[in-house]
Structure formats: structure tokens, C-alpha cells
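# Coordinate inspection notes
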Amino acid sequence: MSDADRIRQLEQRVESLEYENAKLERMKNALIERVEGSSGSALRTDAYAAFEHSVVLAEQVRERTEALNTALGDLKQSNESLKRANHEAAIAHQRLIDAIESISDAFVLFDRERRIVLFNSKFREYWAGTGTEIECGITISDVKRLADEQGLIAEEQIGHDHATVYRLSNGRWVQMSERITGDDGLVILYNDITALKASEAAQREQALAQQHAETLRESERWIRLITDHVPALIAYVGDDLCYQFTNQVYDDWYGWPRGSLLGETIQRAHGVQQFVRLQPYIEQALLGESVTFEIDEHNAAGQLRHMLKSYVPNREADGKTVGLFVLIRDITEHKQTALALQEAYQHLEQRVRERTSELTEVNQQMRQEISERRAVEGRLREAKQEAERANLSKTKFLAAVSHDLLQPLNAARLFTSALLEQPVSGDVASLVHSVSHSLEDVESLLGTLVDISKLDAGVVKPDVSTFKINALMDNIAAEYKHIASTESLSFSYHPSAAVVMSDMTLLARILRNLLSNAVRYTPAGGRILLGCRRSASTLKIQVWDTGCGIPEDKLEEIFQEFKRVQQFRPVQDKGLGLGLAIVDKISKMLSHPISVRSEEGKGSLFTVEVPLGVLAPAADQASEAPIGLDQQLQGSRIWMIDNDPAICKGMQVLLSGWGCDVRVATGLEALQAQLDTASEAVDLLIMDYHLDNDVSGIEVVNELVRCRGEPLPVLMITANYSNELKQEIRERGYLLLHKPVRPMKLKSALSHMLKH
């Protein structure tokens with residue numbers, strides 16, 4: 001407990017005792033007055049009791065008074081102790097001030113609230129000239145703010161041991177150190193390290209100078225080492241024309257001891273006569289211009305050598321020339337070689353003139369021959385271009401007129417197909433079969449020619465999409481199963497649920513041509529197999545047959561146009577040898593590799609590889625098993641529109657023979673004249689795309705849908721192979737067949753549509 005606290009307690013005790021003493025005094029006086037003023041014996045008895053009580057009170061007052069006096073004595077002693085303590089504290093404070101003033105560092109003491117309690121004059125000196133008075137009581141944040149406002153600190157760094165170092169605006173450096181006091185105060189010392197910084201800077205400069213000198217010595221050593229191995233003479237001359245550097249080759253060539261030229265002028269080293277010869281070039285180089293010239297000199301062995309000298313000025317940043325780089329090369333051998341070449345050139349010119357005279361005459365003859373050859377080549381080129389134009393014209397013509405060529409043939413095939421399904425006598429049936437086969441041969445020949453022409457003309461473009469392979473192969477298998485049965489062949493089909501990426505129409509053309517070849521070259525009683533094999537990234541579609549086979553040396557030849565294996569050609573075959581050529585062209589167009597294996601007398605295997613794909617979630621592909629051809633046709637109501645009356649008639653006869661209720665017409669108006677197209681029931685619509693008066697089948701379908709108010713299942717037939725039309729038909733949800741339409745293919749397509 002401090003002296004001040006003890007004094008305060010004593011003063012409080014004295015005040016309490018004085019108050020108690022005054023109260024006892026008042027009680028005593030009151031009792032005395034009551035005793036003296038009373039009368040009678042009873043009163044005297046009470047008075048005596050009161051007197052006794054007063055005596056007790058007086059004793060208490062005396063005791064209290066003694067205690068008060070004791071407390072007053074203690075208070076006096078405490079006051080004396082307090083005076084002595086204050087005196088000692090003042091002496092200690094003065095000693096503290098003297099101590100911090102004797103410190104060479106700036107000193108600042110903050111209390112626990114970080115207010116200044118004490119600082120020395122060194123700290124005050126930092127603020128001299130700033131107009132700021134530092135006083136006790138301001139906070140450390142005020143000190144930092146005033147330092148920033150007055151620009152007292154020019155730079156702040158982190159020194160050794162993570163101490164903060166400041167560069168003041170007057171150029172001095174101080175290092176700050178902090179320490180927390182016992183009462184949670186803060187002592188900060190600012191140590192002046194200007195001299196230490198200056199010493200460190202001097203040491204760094206000295207180290208840099210030494211490092212620079214060492215670098216220069218190392219650079220000079222490397223320069224000398226490099227230049228001593230250069231075959232050229234290299235030297236450096238100052239602006240006073242004294243040698244400052246020469247390489248080993250320079251000294252050896254002139255026969256001087258190593259380093260003896262350093263400090264020597266050009267005139268003393270080479271003599272006055274040689275210096276006079278060099279002086280114009282030296283003066284030109286000292287003016288800042290690089291000079292190269294040739295001069296004759298004698299070397300150390302006394303030999304006269306032809307030298308090529310270069311003077312390159314060494315200029316400072318201000319453009320002043322402070323020296324010359326000298327580069328000298330001995331070109332005596334080059335000079336001699338040049339003279340020898342010049343002499344040889346003169347002799348060669350004479351020989352060239354003589355030879356030129358001889359060649360001129362030969363050239364005249366060659367020019368005449370070249371002119372004649374150019375004329376022949378021009379005529380051949382014109383003939384080739386004419387042939388190409390004629391071939392292209394033929395190709396484009398066949399591709400363009402395919403519709404018109406096959407239209408009447410298609411009608412005849414429809415009629416014969418209808419006749420084949422009618423019950424007729426044996427002779428008539430044989431005649432009808434003969435006519436059907438003849439028409440089929442003609443149709444096959446014309447269709448093949450048209451197909452190859454379209455492929456050559458570039459009319460056919462692939463339209464690649466993703467679909468399930470069974471959506472294509474099921475119908476083809478059903479079609480060729482019927483064809484094989486008519487030829488007394490066994491047909492097997494192994495379906496697949498794989499998804500592929502290809503053009504469905506062109507891939508169907510490949511498979512139909514391969515199957516047609518298998519049927520054509522397999523004798524009665526043979527077998528044909530259509531199936532698939534899945535690999536890592538492709539689906540291999542294979543056509544097997546037990547036909548006559550192909551010789552190994554003919555396997556490449558069969559894919560060429562008009563190439564056929566004559567020894568195995570069936571007697572009734574009327575083909576042109578273009579089926580496999582079409583397969584080859586389409587497979588290359590689709591990038592579907594075709595391979596073939598065959599053994600004579602046992603059969604053949606054709607394989608086409610199609611890349612696998614991923615079916616889009618929204619795609620709606622058929623995946624059912626093969627459809628029975630006659631299952632859905634009985635009683636089906638079909639409308640058919642085609643601008644060719646013959647095709648209309650043939651289609652009516654054919655479909656009626658299949659059990660269909662058919663209405664045919666050459667246009668929409670003709671159909672509306674037969675029935676009420678808006679309300680009468682219909683199961684399927686067969687529509688030709690190209691109608692009269694530039695009307696398209698799509699426009700007619702749109703009109704029928706508009707009248708009926710509901711969509712119709714549509715089979716669109718066309719000879720147009722464009723991808724744009726395929727895409728439009730697909731988007732509308734129609735089924736597309738290309739002309740010429742084979743009856744079995746038509747029957748398969750109709751069955752598929754009616755079932756779905």
C-alpha cells in the first residue's frame with residue numbers, strides 16, 4: 001500500500017473519531033443538566049443512575065479521545081513519511097530524466113493507453129525545424145500522423161532482426177527498437193545508425209569496384225584468350241595513337257615480343273614511311289567513320305604480303321572517338337587466287353565464245369523442234385479437253401434424263417409385276433415371266449448406267465446420319481429373301497441392333513448391289529447369308545454366297561468399270577460389269593472400306609466396314625424384327641398421285657393385286673374429283689415429288705393435311721438424289737424411295753409404314 005493510501009485511511013479514521021467524540025460530549029451535557037434540575041427522592045435516584053451512566057460515558061469519551069490522539073500521532077508520522085517519499089520520488093524522477101538525457105539514442109516512454117509519459121531531448125531534436133511541438137499526453141498514433149504530415153520520414157526499411165529502419169528527411173538513418181514495460185507501457189529507442197549505413201554503403205561500393213575490376217580482368221583474359229586463337233590480326237589504339245591491346249597473332253606476324261607494342265605509337269612501331277601511308281585512313285577513322293582498305297606490308301620473315309585492314313572507331317555516348325579497333329587479315333593467297341581466276345576467266349571467255357557459236361546453231365534446230373512439239377501438244381491438249389467435255393456432257397445428260405428414261409420402264413415393270421401375281425395359264429405365265437425378266441434386265445442396265453453417270457457427274461452427295469442398322473437391313477433382307485426364293489436359293493439373315501453413322505440410301509445401294517451379285521452368280525440350290533460382325537469401332541456388314549467364286553488375280557479387277565470374270569459369267573446375265581464399280585465409288589465417297597475374299601468353286605465373302613455411332617436420345621429409329629410383307633397390305637386404303645398415267649395405272653393394278661383399296665390420280669384436282677379428300681378415310685399416301693406445272697408433291701401433301709386437319713403417313717417417290725430434299729423429307733417424317741422403284745422394295749416399304 002502506498003503512503004498516500006495510508007494517509008487517506010488515517011484522515012478518514014480521525015474524522016470518524018471526532019464525530020463520535022462530539023456526540024458523546026453532547027450526551028454528557030444533557031445528562032448533567034437533567035440531574036441538576038430534578039427534585040424529590042425518586043428523582044434523585046434517577047439522577048444517580050444517570051450520573052453513573054454519565055461516568056461510564058465520560059470514560060468512553062476519554063478512551064475515544066486517547067484513541068483520537070493516537071491516530072493524530074500516526075497521521076503526523078504518515079505525513080512526515082509522505083514528505084520524505086515525495087522528496088525521494090522527485091529525486092528519482094530527476095535522476096531518470098538525467099539518465100535518459102545521457103542516452104545517445106532518442107527515448108520515448110508511453111503508458112498502457114499509448115500516451116507519451118516521458119521523452120528526451122534527442123527525440124525532440126528530430127522534430128526541430130518542422131514547427132511541431134511534441135508534448136506529454138499525445139498518443140503514438142498522433143506521433144505517426146504528425147511525422148507523415150511533416151514529411152519527417154523519407155524511407156522505411158526492415159533491417160536486421162526484423163527491426164524497423166527509417167531514413168529521415170535530413171538524410172540521417174535511425175533504427176527503432178521497442179520493449180513492453182511491467183505496467184504494460186511501451187519504451188521506444190531510436191538509434192542513430194547513419195555512420196553504420198555510410199560504412200555499409202562504402203563497403204558495398206568497394207565490393208562493387210572490386211567485382212567490377214575482377215570482371216574487367218576476367219573479360220580481358222577471355223578476350224585475349226579468344227582473340228589469340230583468331231587467325232586475324234587484332235589490336236586497339238587509343239586516341240593518342242598508342243597501342244593498348246594486341247593479340248598473339250598480331251605480335252607474331254610483325255615479329256615483336258609479346259606485349260612489347262603496348263604503349264608504343266603507330267609511328268614508332270611501324271616507321272615514318274608506313275605511318276604516312278596509313279595516316280589518311282587513321283584520320284578518317286578518328287572522325288568517326290569505319291575504314292577498310294588494302295595495303296602491302298612485309299612480315300617478320302621479310303615477305304611482302306597483301307593485307308586487308310579495317311579501322312573501326314570506338315565512340316562514347318556523346319559521339320566522341322576515343323580509340324580505334326584495328327582488324328587486319330592476310331589476303332595474299334586470296335589475291336593470288338583471284339588473279340589466277342581472272343586469267344582462267346579470260347581463257348574461259350574465249351572458249352565460251354567459241355562454244356556459244358557452236359551451240360547457237362544447235363539451239364536454232366532445237367527451237368524449231370520445240371515449236372513443232374508445242375504445236376502437237378496443243379492439238380493433243382485440245383483433243384483431250386474435247387473428249388473430257390464430251391464425256392462430262394454425256395455424264396450430265398444421263399444423270400439429268402434418268403427420270404424420263406426410267407419413267408415408262410418403271411410403269412412397264414409395275415404392269416408385269418401385277419401380271420405375275422394373277423392366276424394365268426402356264427404358257428401365258430411363262431411369257432409374262434420372260435417379259436418381266438427382259439424388263440428387269442433393261443431396267444438394271446439403264447439404272448446402272450444412270451447410277452454410274454450420277455456418281456461421275458458429282459450429282460450424288462452423301463447425307464450422313466446416325467441410325468440403327470436393322471432399320472435398313474430388315475427391309476432389304478425381306479426383299480431379297482423373296483428374290484432368292486424365286487431363284488431357288490436359300491437366304492439367311494442375322495440381324496443386329498448396332499447403331500451406325502452413314503448415308504442410309506447409299507449404304508442400301510451398296511448392300512443391294514452386293515446381294516444382286518450374290519443372287520446372279522450363285523447357282524440354284526446355293527445359299528446366301530447377310531449378317532453383321534461388331535468390332536471396336538466399326539460394324540462389318542458381310543454378304544456370303546456359295547457361288548462360283550473369283551480367281552485371286554481378278555479380285556482387284558472386279559471393281560473396275562466394265563470388268564467381269566468371263567469364265568464364270570452366267571448365260572442369262574445381261575449386266576455391264578458396273579455393279580461393283582458403283583459399290584467401289586460409293587464406298588470411297590462414304591469412307592467405308594470394302595474387302596473381298598473368294599475361293600473358286602466355293603463362293604465369295606464381301607465385307608463393308610461402317611463406323612459405329614451413338615443414337616441421339618430424341619431419335620426415333622425402328623428396331624423391330626423384319627416385317628412380313630403381306631401382313632399389313634390386305635384391305636389398306638391407299639391414295640396415289642403421279643403425273644404419269646401409265647405409272648398410275650400400273651400402280652393401281654399392282655397394289656390391287658396385293659389386296660389394297662387403291663385410288664390413283666395424276667394430280668390433286670383429279671383425286672378430289674374421285675372422292676372427298678377432306679373426310680374420306682385413308683391409311684397411306686403415295687406421292688410423286690415432281691408433278692406437272694412445277695408443282696411439288698410436298699405442296700400437295702400440305703394442301704391435303706390442311707383440308708383434313710390431321711397429318712398423313714406419306715411415301716414420297718422421286719428421282720432427285722439431293723441431300724437438301726432428303727433432309728426436308730426426313731424432317732417432315734415422310735419415307736423416301738428413289739426411282740426406279742422395285743415392286744418388292746415398294747411392298748416392303750408399304751408393309752413397314754402400315755404396321756407403324
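Use the structure listed above.
The paragraphs below set out a description of the structure included in this document. (Residues numbered from 1 in each chain as written. Predicted model: local features only at pLDDT ≥ 70, side-chain atom pairs only at ≥ 80, totals over all residues. Heavy atoms only, no water.)

### What to know about the sheet that holds strand E3 (residues 153-158)
Spatial ordering of the open sheet is given by E2-E1-E6-E5-E4-E3, a layout of six strands whose pairing is antiparallel. Where the open sheet ends on each side, the last strands, each with one partner, are strand E2 (116-119) and E3. Between one strand axis and the next, the sheet turns by 25° as a mean value, whatever way the strands run. Across three bridges, the pairing between strand E1 (residues 106-110) and E2 is antiparallel. Within the sheet, the bridge partner assigned to Val108 lies in E2 and is Phe119. (Pairing = 2+ DSSP bridges. Helix = DSSP H or I, 4+ residues; strand = E, 2+ residues; numbered from the N terminus. Axes fitted to C-alpha atoms, helices over the stretch in contact; angles between N-to-C directions.)

### Re the sheet that holds strand E10 (residues 304-315)
Sheet strands associate in pairs through backbone hydrogen bonding, adopting either a parallel or an antiparallel arrangement. Overall, antiparallel pairing links the five strands, which are arranged E8-E7-E11-E10-E9 in an open sheet. Because the sheet does not close on itself, it has two edges, and the strands there are strand E8 (243-246) and strand E9 (291-298). Taking the axes of each pair of neighbouring strands and ignoring which way they run, one obtains an average angle of 25° across the sheet. In terms of strand pairing, strand E7 (residues 233-238) meets E8 through three bridges, oriented antiparallel. Across the sheet, the residue bridging to Tyr236 is Phe245, located in E8. Strands E9, E10 and strand E11 (321-330) of the sheet are contacted by helix H8 (residues 272-286), whose axis makes an angle of about 165° with E9. (Contact = heavy atoms within 4.5 Å.)

### Overview of the packing of helix H13 (residues 504-521) against helix H14 (residues 579-590)
Contact geometry for H13 and H14: axes closest at 9 Å, N-to-C directions at 150°. Considering their axes alone, H13 and H14 lie roughly antiparallel with respect to each other. By crossing handedness, the relation of H13 to H14 is classed as left-handed. Residue-level inspection shows Leu506, Leu507, Arg509, Ile510, Asn513, Leu514 and Asn517 of H13 in contact with H14, the latter providing Gly579, Leu580, Ile582, Val583, Ile586, Ser587, Met589 and Leu590. Its residues assigned to classes, the contact of H13 with H14 comprises ten nonpolar, four polar and one charged. (Parallel < 35°, antiparallel > 145°, perpendicular 65-115°, else oblique. Left-handed = near helix turned anticlockwise from the far one by under 90°. Nonpolar A, V, L, I, M, F, W, Y, C, P; charged D, E, K, R; others polar.)

### Some points on unusual backbone geometry
For Ser488, which is not a glycine, the phi torsion comes out positive at approximately 60°. On the secondary structure map, Ser488 appears in the loop between helix H12 (470-486) and strand E13 (490-493). In this structure, Asn693 is a non-glycine residue whose phi angle is positive, near 60°. As for its position among the elements, Asn693 is in the loop between strand E21 (684-688) and helix H17 (697-708).

### Some thoughts on a nonpolar patch on the surface
Residues Tyr345, Leu348 and Val352 make up a contiguous nonpolar surface patch of roughly 290 Å² in combined accessible area. Among the structural elements, Val352 can be located in helix H9 (residues 332-400). Look at Val352 and you get partly exposed, because its relative accessible area is 41%. (Patch = residues over 30% accessible without salt bridge, like charges linked within 9 Å, V, L, I, M, F, W, Y side chains within 5 Å. Areas by Shrake-Rupley, 256 points an atom, 1.4 Å probe, with all protein chains shown as cover. Salt bridge = Lys/Arg side-chain N within 4 Å of Asp/Glu carboxyl O. Buried < 20%, exposed > 50% of the residue type's maximum accessible area, 1.4 Å probe, protein only.)

### Some words on the environment of Thr194
By the secondary structure assignment, Thr194 is in helix H5 (residues 194-228). For Thr194 and Trp173, which are 21 residues apart along the polypeptide, the C-alpha to C-alpha distance reads 4.7 Å. Look past the residues within four positions of Thr194 in its chain and what remains in contact with it is Arg172 and Trp173.

### Digging into the pattern of salt bridges
One pass over the full model with this rule turns up 22 salt bridges. Arg305 is the salt-bridge partner of Asp330, the closest N and O atoms lying 3.0 Å from each other. With a gap of 25 residues between them, Asp330 in strand E11 and Arg305 in strand E10 connect regions that are remote in the sequence. By relative accessible area, which is 15% here, Arg305 ends up buried.

### Description of the environment of Glu135
With respect to the element layout, Glu135 can be found in the loop between helix H3 (121-126) and helix H4 (140-150). In the structure, Glu135 is positioned 16 residues away from Phe119 in sequence and 8.8 Å away in space, judged by C-alpha atoms. Beyond its immediate sequence surroundings of up to four residues, Glu135 is in contact with Ile116 and Phe119.

### Things to note about the nonpolar core
Within the largest apolar cluster, 40 residues are counted, with the highest numbers of intra-cluster contacts made by Ile469, Leu472, Phe491, Leu515, Leu530, Ile541 and Phe606. If you list the elements that add at least two residues to this core, you get H12, E13, H13, strand E15 (527-534), strand E16 (538-545), H14 and strand E18 (603-611). Ignoring sequence-local partners within four residues, the contact set of Phe491 consists of Ala477, Tyr480, Lys481, Ala484, Leu515, Ile528 and Leu530. Judged by nonpolar contacts, the second largest core, of 23 residues, contains Ile647, Cys648, Leu684 and Met753. (Core = buried A, V, L, I, M, F, W, Y, C linked by side-chain atoms within 4.5 Å.)

### Points about the pairing of E15
The pairing of E13 with E15 spans four bridges and is parallel. Residue Phe491 lies in a different strand from E15, and its bridge partner there is Ile528. Where E15 meets E16, seven bridges bridge the pair, whose relative direction is antiparallel. Along E16, the bridge assignment pairs Leu530 with Val543. Here E15 folds back onto E16 in antiparallel fashion, the turn holding three residues.

### With respect to H8
Because each turn of an α-helix spans 3.6 residues, side chains separated by three or four positions in sequence point in the same direction. Along H8, the sharpest change in direction is near 45° and occurs at Leu278; proline Pro280 comes one to four residues later. Among all positions in H8, only Gln274, Phe275, Leu278, Ile282 and Ala285 are buried. Taken together, the buried residues of H8 touch helix H7 (266-270), E9, E10 and E11. (Bend = angle between axes of the 7 residues up to and from the residue.)

### Quick notes on the packing of aromatic side chains
Here the structure, examined in full by the defined rule, presents seven aromatic pairs. Members of the aromatic cluster, connected to one another through ring pairs, are Tyr243, Tyr250, Trp253, Tyr254 and Trp256. (Phe/Tyr/Trp six-rings, centres within 6.5 Å; stacked < 30°, edge-to-face > 60°.)

### Re the side chain of Thr321
Along the chain, Thr321 falls in strand E11. Residue classification places Thr321 among the buried residues on the basis of a relative accessible area of 12%. Reaching out from Thr321, the side chain makes a polar contact with the backbone oxygen of Leu286 at a distance of 3.3 Å. Residues in contact with Thr321, not counting those within four places in the same chain, are Asp239, Ala285, Leu286, Leu287, Gly288, Pro313, Asn314 and Arg315. (Polar contact = N/O pair within 3.5 Å; in protein donor to acceptor, adjacent residues only side chain to side chain.)

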